[in-house]
Amino acid sequence: MITTIRRLRHARTAAVVAAILLCAVGLGAAPASPVSPASPVSSAPSAAPTSCSGTYRIDRTMTNGARWQMCWDIRRLTGLVLSDITYTPNRGRPTRVLSSAALAEVHVPYDSGRPRFYDISSIGFGDLELGTLTTLGKRDCPTGELRSFSGHKVLCVETQPREFAYKSAVQKGVLHGDDLVVFSVSEIGWYDYITEWRFADDGSITPREGATGTLSPFQFSDAASGWPTGVGSSRFSENHSHNVFWRLDFDVNGKTANVVEQYDYTGSGTASRSTKLTTLSKETAAELAPMRFWRIKNPTALNTDGHPMSWEIDVRDSDEYRGPEHTEDFTHHDVYVTQYRECEVLAYGGTMPGCATSVDQYVNGEKLKDPVLWVDVGFHHVPRDEDQDPMPTHWQGFRILPRDVTATSQLP
Amino acid sequence: MAAIGLLGLLGAGTAGAVGAAGADDRSDHGRAARTSGRGGPLTARETARAVRVATAAKAGPGGAATAAAPGRDVRGRPGAQVLWSERHRDLGKSGDDRRRLADVYLYDYASDTLINRLVDLGTGRVERSSRQHGVQVPPTAAEVTRALEVVMADPRLGKGIRADYRAQTSKPLTKPSQLHAQGMAFLASRATGVEGSGKVARCGVHRCVQLFVRIPRGKWVDTSRIVIDLSADRAAVIGL
């Protein structure tokens, strides 16, 4: 019953937001009508409404005319949270992408079996007093703008160049693009984690986590579970995994009623490949596979070609860590799709009363009306001599791509 | 890399050098919280009000009708330990920021209870309240400081950590603020199959932490096998 009430409130809020959005861009049409991508830059729509202002609002127009808008916040456990993420394609209209996006766990198990760290749920990325949220300086954010939270500069917002947005011999053109880069840093034990989101001028989003700082100064093992670092072969720095979980609450074109589809391209040892579409109507735990992607679509928002607007989840680089049964079931899948619940924020170690504690348990057969996606990307780190202080940053992440958000390429 | 003494004293452990970068990262901590724009964090004034309401009031409608237990903090003083408070926002509700709500987390060391209260800063009422046993969230600075005190007061561990500090700095270690420390919640399940796990079997029901400790501008101190039971004011060394 409580869930039902929340759903209704949620739906109503979303409807109000959608109505405001339509008013703001001067659209009187029903949401199912095609959205014109071809309005000239000079009559670009006004900003989409957001739940923030001032220093907590990010609004950046890229060189090619595309625009990204969002709010940011810091939570004690998950650290940086982005919300109300809205994309305006070059020559297009604003379209809400995500209601919120944040980390949901960083799980660091060592190869000998212990220790096993839960950097979000047991330590937390957002504590200024303990310094798990790092105060940044100009050297951290050389070309960008530092934003403050509770009097501390903790967020960098900068624009970085991106090579070859396109090049075409036929069109006789080339365009170098740019990314809006938003990041915070969390010092967690001997690691420094960089929590970064890249928003490109072609609509793609790249969430990624960088880990740098220091290898564990105390975790040494043997040749079976480590690699000799330093002089000789007596000190084996222990191998370990960083399993990073992201939580993504999509609201495609401002609507919570999204549909999740899994696409596979079948055929092995044959010349042909064929599309296999699986619509996920209930909560699902899924695995990565070659030639597989997911998309979250709004079936009622069509581009001018009549195709539903959607965002694609592309995970191509994960070590697919699988931990022991019972204690680490949350690592047994790569992508989870769950029905939205307010209390389901962490992939592991949730403490909200009346709520399950990990993402594998959130998947319990509910029908998907307002889907939330959880993406787990693993990096297995076998230390090298080069990883001694200061350890070069290693990155892990995935991509979120617009699929039919606009009817044509909007780059130039 | 010279090993430093705490875990050396215990017969194992290696210390690594660490750069001093970041040692002063918290230099401006303690400045009054400011907010600049809608949707921002709780201001210092809002935080104080949220904590005052959460620690004093009975739960409001929808919450369990429990009067705030007197409780004890991490030092055994009256009143539950305040863990943290932050602006409450239903992350699914785009655009709804009309009310200022605060989540306040408390821990009562007298009953080993995690208390979560949702406070409406406009009305000054507790909207929702929960009490849970056996559930642990990350430790706060006050608890990390207390954990360091427990280690420093332990006859064997205290001697080791003071020796480490003196070896690196040529100065005596007299108080926790001389060290840079973070903490993490520790549960007994993390010690399954580990030698000495019986010593930490209560962790989870009790509030236990492990520490990351370094000497400012110096090296890490190996505390990786020490578990501090804050509910019992006791430190244990296990085979992690």
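Residues numbered from 1 in each chain as written. Chains lettered and ligands numbered in written order. Predicted model: local features only at pLDDT ≥ 70, side-chain atom pairs only at ≥ 80, totals over all residues. Heavy atoms only, no water.

Trainee: Whenever I open this one, the overall build of chain A confuses me. Can you help?
Mentor: Counting secondary structure elements, chain A contains three helices and 23 strands. Sorting the 412 residues of chain A into buried and exposed places 59% on the buried side. Partitioning the intrachain contacts of chain A with sequence separation of at least 6 by distance along the chain shows that 62% fall at a separation of at least 24. Just so you have it, chain A exposes about 15700 Å², and 55% of that area is on carbon and sulfur atoms. (Helix = DSSP H or I, 4+ residues; strand = E, 2+ residues; numbered from the N terminus. Buried < 20%, exposed > 50% of the residue type's maximum accessible area, 1.4 Å probe, protein only. Contact = heavy atoms within 4.5 Å. Areas by Shrake-Rupley, 256 points an atom, 1.4 Å probe, with all protein chains shown as cover.)

Trainee: Any chance you could explain the pairing of strand 1 (residues 57-61) of chain A here in plain terms?
Mentor: Each regular strand shows side chains that alternate between the opposite faces of the sheet. All names here are of chain A. Of the two faces of strand 1, only the one carrying I58 and R60 is buried; R57, D59 and T61 on the other face are not. When strand 1 meets strand 2 (residues 67-75), the two strands line up antiparallel, connected through five bridges. Opposite D59, over in strand 2, you have Q69 as the bridge partner. (Pairing = 2+ DSSP bridges.)

Trainee: What exactly am I supposed to notice about the UniProt feature "modified residue: 2',4',5'-topaquinone" (unreviewed entry) in chain A here?
Mentor: Residue and element names in this part refer to chain A. UniProt records the feature "modified residue: 2',4',5'-topaquinone" (unreviewed entry) for Y191 in the present numbering. Take Y191: it is sitting in strand 9 (residues 191-200). Beyond its immediate stretch of four places on either side in the chain, Y191 contacts Y110, S186, A211, T212, T214, L215, H240, H242, H381, M391 and H394. (UniProt positions renumbered as here; feature names shortened; annotations may be inferred.)

Trainee: Help me out: how do you make sense of the sheet that holds strand 3 (residues 113-120) of chain B in this one?
Mentor: Working definition: the strands of a sheet are paired by backbone hydrogen bonds and lie parallel or antiparallel to each other. Residues and elements named next belong to chain B. The four strands are arranged 1-2-3-4 in an open sheet whose pairing can be described as antiparallel. For this open sheet the edge positions go to strand 1 (81-87) and strand 4 (125-132), each flanked by a neighbour on one side alone. For this sheet the average axis-to-axis angle between neighbouring strands, irrespective of direction, equals 15°. Taken together, the six bridges between strand 1 and strand 2 (residues 101-108) define a ladder with antiparallel strand orientation. (Axes fitted to C-alpha atoms, helices over the stretch in contact; angles between N-to-C directions.)

Trainee: How do you make sense of the sheet that holds strand 12 (residues 226-228) of chain A when you look at a structure like this?
Mentor: All names here are of chain A. Reading across the sheet, the three strands line up as 11-13-12 and stay open at both edges, with antiparallel pairing between neighbours. Each edge of the open sheet carries a strand with a single partner, namely strand 11 (220-221) and strand 12. Taken together, the three bridges between strand 12 and strand 13 (residues 236-238) define a ladder with antiparallel strand orientation. By the bridge assignment, W227 is partnered in strand 13 with S237.

Trainee: So what exactly am I meant to see when it comes to the side chain of T284(A) here?
Mentor: Residues and elements named next belong to chain A. Considering the arrangement of structural elements, one finds T284 in strand 17 (residues 284-286). Using a relative accessible area of 17% as the deciding quantity, one classes T284 as buried. A polar atom in the side chain of T284 sits 2.7 Å from the backbone oxygen of K282. Ignoring any residue separated from it by four or fewer positions in sequence, one finds T284 in contact with V335, Y336, V337 and V363. (Polar contact = N/O pair within 3.5 Å; in protein donor to acceptor, adjacent residues only side chain to side chain.)

Trainee: I would appreciate a short explanation of the pairing of strand 2 of chain A in the present structure.
Mentor: All names here are of chain A. The buried fraction of strand 2 amounts to nine of the nine residues, a majority that puts the element mostly inside the structure. A two-sided burial pattern is seen for strand 2, the buried positions comprising R67, Q69, C71, D73 and R75 on one face and W68, M70, W72 and I74 on the other. Hairpin geometry of strand 1 and strand 2 is characterised by an intervening segment of five residues between the two adjacent antiparallel strands and by a positive phi of about 105° at G65. Bridge count between strand 2 and strand 3 (residues 79-88): eight bridges; the pairing is antiparallel.

Trainee: Would you take a moment to explain the pattern of salt bridges for this structure?
Mentor: If charged atoms from side chains of opposite charge come close, those side chains can pair. Inspection of the entire model under this criterion finds 35 salt bridges over all chains. Salt-bridge contacts for R147(A) lead to E145(A); the nearest nitrogen and oxygen are separated by 2.7 Å. Given a relative accessible area of 9%, R147(A) falls into the buried group. Close ionic contact of R77(B) with D73(B) constitutes a salt bridge, the shortest N to O distance being 2.9 Å. With relative accessibility at 46%, the residue R77(B) sits in the partly exposed group. When salt bridges with common partners are traced through the structure, they connect R162(A), D179(A), E196(A), R198(A), D201(A), D202(A) and R208(A) into a single cluster. (Salt bridge = Lys/Arg side-chain N within 4 Å of Asp/Glu carboxyl O.)

Trainee: Which parts of the structure should I look at to understand helix 2 (residues 44-56) of chain B?
Mentor: Given 3.6 residues per turn, any residue in an α-helix points the same way as the ones three and four places further on. Here helix 2 of chain B contains 13 residues, and its C-alpha end-to-end distance of 18 Å stays within 8% of the 18 Å for a straight helix at 1.5 Å per residue. The inward-facing, buried residues of helix 2 of chain B contact strand 1, strand 2, strand 3 and strand 4 of chain B. (Expected span 1.5 Å × (residues − 1).)

Trainee: Explain the environment of V154(A) to me, please; I cannot follow it from the model alone.
Mentor: Residue and element names in this part refer to chain A. With respect to the helices and strands, V154 occurs in strand 7 (residues 152-168). Separated by 29 residues in sequence, V154 and F183 have C-alpha atoms that sit 8.5 Å apart. Each residue touching V154, except ones within four places of it in the same chain, is listed here: W72, I74, L128, L133, T134, L136, R147, F149, F183, S184 and V185.

Trainee: Whenever I open this one, the nonpolar core confuses me. Can you help?
Mentor: Nonpolar side chains in soluble globular proteins tend to be buried together. Counting residues in each nonpolar core, the largest one holds 107 residues, and the members touching the most others are W68(A), W72(A), F199(A), L248(A), F250(A), I313(A) and I228(B). It is helix 3 (residues 141-153) of chain B that contributes the most residues to this core, seven residues altogether. Domain assignment of the residues forming this core places at least three in each of domain 1 (5-14 + 139-237) and domain 2 (44-89 + 98-132) of chain B. Those residues within four positions of W72(A) in sequence are excluded, and the remaining contacts are T55(A), Y56(A), R57(A), I58(A), L80(A), V81(A), L82(A), R147(A), S148(A), F149(A), V154(A) and L155(A). Residues A54(B), A102(B), V104(B) and L106(B) belong to the second largest nonpolar core, which totals 13 residues. (Core = buried A, V, L, I, M, F, W, Y, C linked by side-chain atoms within 4.5 Å. Domains from an automatic or database assignment.)

Trainee: What should I look at first to understand the environment of T63(A) in this one?
Mentor: Residues and elements named next belong to chain A. Among the secondary structure elements, T63 is positioned in the loop between strand 1 and strand 2. Measuring from C-alpha to C-alpha, the distance between T63 and P412 comes to 9.9 Å, with 349 residues separating the pair along the chain. In this structure the side chain of T63 is engaged in a polar contact, spanning 2.4 Å, whose partner is the side chain of D178.

Trainee: Please clarify how the confidence of the model for chain A should be interpreted in this entry.
Mentor: Regions with low pLDDT carry predicted coordinates that are not meant to be interpreted in detail. For chain A, the mean per-residue pLDDT works out to 90, and 88% of the residues sit at or above 70. Segment residues 1-47 of chain A: pLDDT under 50, and 70 contacts once partners within four positions in sequence are set aside and those in other chains are kept. (pLDDT = per-residue confidence, 0-100.)

Trainee: Could you clarify how one ought to interpret the state of the cysteines in this entry?
Mentor: Where two cysteines share a covalent bond between their sulfur atoms, that bond is called a disulfide. Applying the stated rule across the entire model yields four disulfides over all chains. Two residues, C141(A) and C156(A), share a disulfide whose sulfurs are 2.0 Å apart. The sign of the S-S torsion, about 75°, decides the handedness of the disulfide formed by C141(A) and C156(A): right-handed. Of this pair, C141(A) sits in the loop between helix 2 (119-123) and strand 6 (145-149) while C156(A) sits in strand 7; the two residues are 15 residues apart in sequence, bridging distant segments of the chain. Put simply, C203(B) and C208(B) are joined by a disulfide, and their sulfur atoms are 2.1 Å apart. Measuring the twist about the S-S bond at about -85°, one finds the C203(B)-C208(B) disulfide to be left-handed. A relative accessible area of 6% means that C203(B) is categorised as buried. Assigning the bonded cysteines of chain A consecutive numbers by sequence position, one obtains the connectivity 1-2, 3-4, 5-6. (Disulfide = S-S within 2.5 Å.)

Trainee: Explain the environment of S274(A) to me, please; I cannot follow it from the model alone.
Mentor: Residue and element names in this part refer to chain A. Mapped onto the elements of the fold, S274 is located in strand 16 (residues 274-280). The partly exposed category is assigned to S274, whose relative accessible area is 39%. Measuring from C-alpha to C-alpha, the distance between S274 and D264 comes to 8.1 Å, with ten residues separating the pair along the chain. In this structure S274 touches D264, Y265 and T266, once residues within four positions along its chain are discounted.

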